[in-house]
Protein chains: 2
Amino acid sequence: MEPTRWLSDGEQEVWQRMLAVLTLLPAELDGQLQRDADLTHFGYGVLALLSETPGRSRRMSELAALVNGSQSRLSHLVGRLERQGWVRRERADDDGRGSVAVLTDAGYAHLAASAPAHVARVRSLVFDVLTPTQVAQLGTITAALLARLSPAGGCPASTARRGNASDGS
Amino acid sequence: MEPTRWLSDGEQEVWQRMLAVLTLLPAELDGQLQRDADLTHFGYGVLALLSETPGRSRRMSELAALVNGSQSRLSHLVGRLERQGWVRRERADDDGRGSVAVLTDAGYAHLAASAPAHVARVRSLVFDVLTPTQVAQLGTITAALLARLSPAGGCPASTARRGNASDGS
DNA sequence: TTCGGGTACTTGAAGCGTCAAGTATCGGTA
DNA sequence: TACCGATACTTGACGCTTCAAGTACCCGAA
């Protein structure tokens, strides 16, 4: 057993702030979306991802991986989204076990209606308070963290991350 | 209504990675603590904070503010911690409405036993993958984000952030 | 002294996430 | 063809968080 390498005072300080951001930022995003769009941030992410995909549909397992959620979590969520009429489930034709989530027109409309306020919030909470240099640094830092967090490439969305309902496409 | 200022491609990319970190890092921390210490990361934070305080006790409302949680959340949590024998509640003597959470010896022992593995995890997930320069940049960036997120000073813990059970004191 | 509005905390119900099973299908093998 | 271990997803129970009330106490004013 190695002797524990505790955090230095400087590291402690940075870590405390990082923890606060990790707590407050998602809470803010969730709160805004909940109030304005009756949607979790996770739910928003799923709708957004579907909206970017040709056919506006995805296999459940792909979807789960792309938004970093468990299959179970996604299944429950899609169940709720389905009840709200924003998503519909279809059986995969190439694989009888699979399900495909399809974004309905109502779902697309709801997403389109919610996106501006959400993007405005993200801008005001994050990009407006950072200089372009800091944004670039944040990009490098998050890339390094992700490389450790999701060993599978560090870019879980490499398959399809281009444009999204939040970028006006 | 202003026309929506969508995110640029570069901002999108950084934001996607930031979201992934916001999802995966807390999940990792929670998972590790759950397995090794039967504790939420939030619960760990509360025990750690109590352990740093002279008297190992804090008013509920102070505690809630310091860990960025709601009073209700804290009340439920302390209830559970109490049932596990790690914390005890006392009535505040200066204010009949108030409660004070006190870390028990068992609670302190449990925290001390869990800290090394937790710190090791934080180190391996965060500080080991960043250069000292990046850590400094992260410090500046999180400070800027916090200034916007918690208007009340950006340093909610300014009252008492010195040393903690994770720094070996 | 006794209101009355605020503060500090607790409580119960409802929503979301995780975990552990369960069901259905696929694909390789005998 | 009939099996058998994987895979894809779903489901139910349980735990934690939030939200909305509820309780108890404080304090200033009438």
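About the cut-offs
Residues numbered from 1 in each chain as written. Chains lettered and ligands numbered in written order. Predicted model: local features only at pLDDT ≥ 70, side-chain atom pairs only at ≥ 80, totals over all residues. Helix = DSSP H or I, 4+ residues; strand = E, 2+ residues; numbered from the N terminus. Buried ≥ 20, exposed ≤ 12 C-beta atoms within 10 Å, placed from the backbone. Contact = placed C-beta atoms within 7 Å. Near = placed C-beta within 6 Å. Nonpolar A, V, L, I, M, F, W, Y, C, P; charged D, E, K, R; others polar. Expected span 1.5 Å × (residues − 1). Bend = angle between axes of the 7 residues up to and from the residue. Axes fitted to C-alpha atoms, helices over the stretch in contact; angles between N-to-C directions. Parallel < 35°, antiparallel > 145°, perpendicular 65-115°, else oblique. Left-handed = near helix turned anticlockwise from the far one by under 90°. Pairing = 2+ DSSP bridges.

**Some points on the overall build of chain A**
Here is step 1 of the chain: The number of helices and strands found in chain A is 6 helices and 3 strands.
Here is step 2 of the chain: Along chain A, helices and strands appear, N-terminal first, in the series α-α-β-α-α-β-β-α-α.
Here is step 3 of the chain: By the burial criterion, 34% of the 169 residues in chain A qualify as buried.
Here is step 4 of the chain: Of the contacts formed within chain A by residues at least 6 apart in sequence, a portion of 52% connects residues at least 24 apart.

**Structural notes on the environment of Ser99(B)**
All names here are of chain B.
Here is step 1 of the chain: Among the structural elements, Ser99 can be located in strand E3 (residues 99–103).
Here is step 2 of the chain: On a C-alpha basis, the gap between Ser99 and Ser70 in space is 15 Å, while along the polypeptide they are 29 residues apart.
Here is step 3 of the chain: Ignoring anything within four residues of it in the chain, the contact list for Ser99 reads Met60, Arg89, Arg91 and Ala92.

**Regarding the protein's contact with DNA strand D**
Here is step 1 of the chain: By nearness alone, 26 residues border DNA strand D, and Ser61(A), Ser75(A), Gly98(A), Arg73(B) and Gly96(B) come closest of all.
Here is step 2 of the chain: Tallied by class, the residues present in the surface near DNA strand D amount to 4 nonpolar, 15 polar and 7 charged.

**Brief notes about helix H5 (residues 105–127) of chain A**
Residue and element names in this part refer to chain A.
Here is step 1 of the chain: The terminal C-alpha atoms of H5, which comprises 23 residues, lie 31 Å apart, in line with the 33 Å expected from a rise of 1.5 Å per residue.
Here is step 2 of the chain: In the structure, H5 departs most strongly from a straight axis at Ala115, where the bend amounts to approximately 35° and where the proline Pro116 lies between one and four residues downstream.
Here is step 3 of the chain: Listed as buried for H5 are Gly107, His110, Leu111, Ser114, Ala115, His118, Val119, Val122, Val126 and Phe127.

**Quick look at the packing of helix H6 (residues 132–149) of chain A against helix H6 (residues 132–149) of chain B**
Here is step 1 of the chain: Packing of H6(A) against H6(B) leaves a shortest axis separation of 10 Å and a crossing angle of 120°. By the angle class used here, H6(A) and H6(B) are oblique. Where H6(A) crosses over H6(B), the two elements pack in a sense that is left-handed. Seen from H6(A), the contacting residues are Gln134(A), Gln137(A), Leu138(A), Ile141(A) and Ala144(A); seen from H6(B), they are Gln134(B), Gln137(B), Leu138(B), Ile141(B) and Ala144(B).

**What about the interface of chain A and chain B?**
Here is step 1 of the chain: Chain A puts 52 residues into the contact, and the matching count from chain B is 52 residues.
Here is step 2 of the chain: Of all the elements in the fold, those that place two or more residues in the side of chain A that touches chain B are helix H1 (9–37), H5 and H6 of chain A.
Here is step 3 of the chain: Tallying contributions element by element places H1(A) first for the side of chain A that touches chain B, with 16 residues.
Here is step 4 of the chain: Taken together, the residues of the side of chain A that touches chain B break down into 31 nonpolar, 12 polar and 9 charged.

**Points about the protein's contact with DNA strand C**
Here is step 1 of the chain: Not every one of the 27 residues close to DNA strand C is listed here, only the nearest: Arg73(A), Gly96(A), Ser61(B), Ser75(B) and Gly98(B).
Here is step 2 of the chain: Among the elements of the structure, helix H4 (71–83) of chain A together with helix H1 (9–37), helix H3 (60–66) and helix H4 (71–83) of chain B are those that each provide at least two residues to the surface near DNA strand C.
Here is step 3 of the chain: Of the residues in the surface near DNA strand C, the class split is 5 nonpolar, 15 polar and 7 charged.

**Some details on the sheet that holds strand E1 (residues 57–59) of chain B**
Residue and element names in this part refer to chain B.
Here is step 1 of the chain: Read from one edge to the other, the open sheet built from 3 strands follows the order E1-E3-E2, with strand pairing classed as antiparallel. Two strands lie at the open edges of the sheet, namely E1 and strand E2 (87–91), each paired on one side alone. Strand after strand, the sheet turns through a mean of 25° between neighbouring axes, direction not considered.
Here is step 2 of the chain: Sheet topology note: the E1/E3 ladder contains 3 bridges and is antiparallel. Paired with Ser57 across the two strands is Val102, which belongs to E3.

**Overview of H1(A)**
In an α-helix, one turn spans 3.6 residues, which is why side chains three or four residues apart end up on the same side.
Here is step 1 of the chain: Helix length check: H1(A), at 29 residues, gives a terminal C-alpha distance of 42 Å against a target of 42 Å (1.5 Å per residue), a fit within 8%.
Here is step 2 of the chain: Looking only at H1(A), the buried set comprises Glu11(A), Val14(A), Trp15(A), Arg17(A), Met18(A), Leu19(A), Ala20(A), Val21(A), Leu25(A), Leu29(A), Gln32(A) and Leu33(A).
Here is step 3 of the chain: Structurally, H1(A) contributes buried residues whose contacts are with helix H2 (41–52) and H5 of chain A together with H1, helix H5 (105–127) and H6 of chain B.
Here is step 4 of the chain: Positioned one or two residues after H1(A), Asp38(A) has a phi angle of 50°, which is positive.

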